[in-house]
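Examining the three-dimensional arrangement
One-letter residues, chain by chain:
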Amino acid sequence: MLRKTQLFLFLVLLSLLFLGSCTKTKHETGFYFWKTVFQLDTAESRSLKEIDAKSIYVRIMDIDLDPSGVQAVPISPITFTQPFPKEQQLIPVVFVNQRVFAEMDSLQIRGVANKIVPFVTAKIQQAGKEKFTELQLDCDWTKTSRDKFFYLLSYLQQLPALKDVIVSSTLRLHQVKNTVTSGIPPVKKAMLMCYNMGNLRQFGNQNSILNQQDLKTYLSGTLRNYPMEMDIALPLFQWFVVFRNNNYIGISKHINEEDIKDSALFTHNPNTNLYILTKDLPKANLKKGDVIRFESINQDELLQTAKFLKGELKGKEHRIIFYHLDQATLANHGNAELQKIIAAF
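Our subject in this report is the structure included herewith. (Residues numbered from 1 in each chain as written. Predicted model: local features only at pLDDT ≥ 70, side-chain atom pairs only at ≥ 80, totals over all residues. Heavy atoms only, no water.)

**Notes on the side chain of Arg146**
With respect to the element layout, Arg146 can be found in helix α4 (residues 146-156). With near-sequence residues (within four places) excluded, Arg146 lies in contact with Trp141, Val180, Thr181, Ser182 and Gly183. (Helix = DSSP H or I, 4+ residues; strand = E, 2+ residues; numbered from the N terminus. Contact = heavy atoms within 4.5 Å.)

Written out as structure tokens, the structure reads:
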């Protein structure tokens, strides 16, 4: 009888272990919102619902130097023209241009921190929310700006107004790999930005938004050992990078995919993502001979990224955030596609 009981208990335990190993981690999902006016259309609201988004990371403002180049000031703050959805958590994001730290001392950094909090709080109230539980700072810090940015992060966490708020930071791939020079931000959690990993300004046939080789070079064996909780941001956007005489001159917002596929306007360089303008295009301030590199992301690339990150993160729970919530962007990535990418984690 005792042996039967022991055998029964063993089988129950084995079943539980098997079921536990087959249980898929449920990851929270959400979007970034990176526009200056918050107003959702039908497509954007549908995407929030169909991927069961729990949060929207909303860019509240940039912090950059004023025209005199002396003082750090808010740039292009967001305006909420409609109430924020009740179903989603609003997570405010403040982008800090790392150049503002060049001439700052600790007193000036504390002054900026003490201006950030009431500004963000007022915007949260404008959105119809009573509070926020996380404040994210986005900064592509360098070796020279690192210590001052980290001081800003540390000081914000000491403010009484943020005692119940998690202060988080964004994290670039090179900052994960090169911790000796980049350091580790003094926060409890970070958002890994899995995009903008290549050299945007380099002429040639490449994709600077997302590249599997760069992803593996920077993150293989390093991401799993990074000493903090990690959320994941994935790109949905596309852009048109302009070169003149093989020199980078910017990203055009005045052309679209239909334009570059118009054979009367552009010649496609075969087997590349390069398009050569065959005549002047005044509406976009482009000249004959300019080269457009059309960079975009497809589902296969995102699925590869998801599977790779899953292996590196070893089943750790994390949010999956798409950049960004925008009708034109979502038109290239259906909700069924986004659900498959989420499932790949």
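**Here's the deal with α4**
Those residues of α4 that fall on the buried side of the exposure criterion are Arg146, Phe149, Phe150, Leu152, Leu153, Tyr155 and Leu156. Of the surrounding elements, those touching the buried residues of α4 are α3 (106-126), β7 (134-138), β8 (166-171) and α6 (179-182). (Buried < 20%, exposed > 50% of the residue type's maximum accessible area, 1.4 Å probe, protein only.)

**Observations regarding the packing of aromatic side chains**
As enumerated under the stated definition, the model contains 20 aromatic pairs in all. Each ring, one from Tyr195 and one from Tyr323, has its centre 5.4 Å from the other, and the planes form 35 degrees; the classification is tilted. Here the residue Tyr195 occupies a position in the loop between β9 (189-193) and α7 (212-219), and Tyr323 occupies one in strand β16 (residues 320-323), the gap between them amounting to 128 residues. The class of Tyr195 is buried, set by a relative accessible area of 7%. Following the ring pairs from residue to residue traces out a cluster consisting of Tyr32, Trp34, Tyr57, Tyr195, Phe237, Trp239 and Tyr323. (Phe/Tyr/Trp six-rings, centres within 6.5 Å; stacked < 30°, edge-to-face > 60°.)

**Concerning the nonpolar core**
Soluble globular proteins tend to pack their nonpolar side chains together in the buried interior. Of all hydrophobic cores here, the largest spans 97 residues; its most connected members are Phe31, Tyr32, Leu234, Leu309 and Phe322. When near neighbours in sequence (up to four residues on either side) are disregarded, Leu234 contacts Cys194, Tyr195, Leu302, Thr305, Leu309, Ile320, Ile321, Phe322, Tyr323, Ile341 and Phe345. Counting 13 residues, the second largest nonpolar core, distinct from the first, contains Ile255, Leu281, Ile292 and Phe294. (Core = buried A, V, L, I, M, F, W, Y, C linked by side-chain atoms within 4.5 Å.)

**Side note on the layout of surface pockets**
Volume-wise, the largest pocket comes out at about 1500 Å³. Considering the residues around the largest pocket, the lining is formed by 37 residues, among which Asn196, Phe237, Trp239, Ile251 and Tyr323 are closest to the centre. Of all the secondary structure elements, the ones that give two or more residues to the lining of the largest pocket are β6 (89-96), α5 (173-177), β11 (239-244), β12 (247-252) and α10 (327-330). For the lining of the largest pocket, the leading source of residues is β12, giving three residues. Of the residues belonging to the lining of the largest pocket, the class tally is 19 nonpolar, 12 polar and six charged. (1 Å grid on protein atoms, 1.4 Å probe; cavity = no way out; pocket = protein on both sides within 12 Å on 5 of 7 lines; lining within 4 Å. Points joined across faces, edges and corners; volume = space filled by probe spheres on them. Nonpolar A, V, L, I, M, F, W, Y, C, P; charged D, E, K, R; others polar.)

**Some thoughts on unusual backbone geometry**
Excluding glycine, most residues fall at negative phi; most peptide bonds, likewise, are trans. Omega for the bond connecting Tyr323 with His324 falls within 30 degrees of zero, at 5 degrees, which places this linkage in the cis form. With respect to the helices and strands, His324 occurs in the loop between β16 and α10. Even without being glycine, Asn245 reaches a positive phi, approximately 55 degrees. Mapped onto the fold, Asn245 is located in the loop between β11 and β12. Here Asn245 falls in the exposed class, since its relative accessible area comes to 68%. In this model, Asn246 sits at a positive phi of 70 degrees, which is unusual for a non-glycine residue.

**Observations regarding the environment of Gln157**
Structurally, Gln157 can be placed in the loop between α4 and β8. Note: C-alpha distance between Gln157 and Val167 (10 residues apart in sequence) is 6.5 Å. Of note is the side chain of Gln157, whose polar atom sits 2.8 Å from the backbone oxygen of Pro186. (Polar contact = N/O pair within 3.5 Å; in protein donor to acceptor, adjacent residues only side chain to side chain.)

**A closer look at the sheet that holds β11**
If you walk across this open sheet you meet the five strands as β12-β11-β15-β14-β13, and the pairing is antiparallel. Either end of the sheet is taken by a strand with one partner, and the two such strands are β12 and β13 (266-268). When strand polarity is set aside, the average angle formed by the axes of neighbouring strands in this sheet is 30 degrees. Note: strand β14 (residues 274-277) against strand β15 (residues 291-295), three bridges, orientation antiparallel. Across the sheet, the residue bridging to Ile276 is Val291, located in β15. (Pairing = 2+ DSSP bridges. Axes fitted to C-alpha atoms, helices over the stretch in contact; angles between N-to-C directions.)

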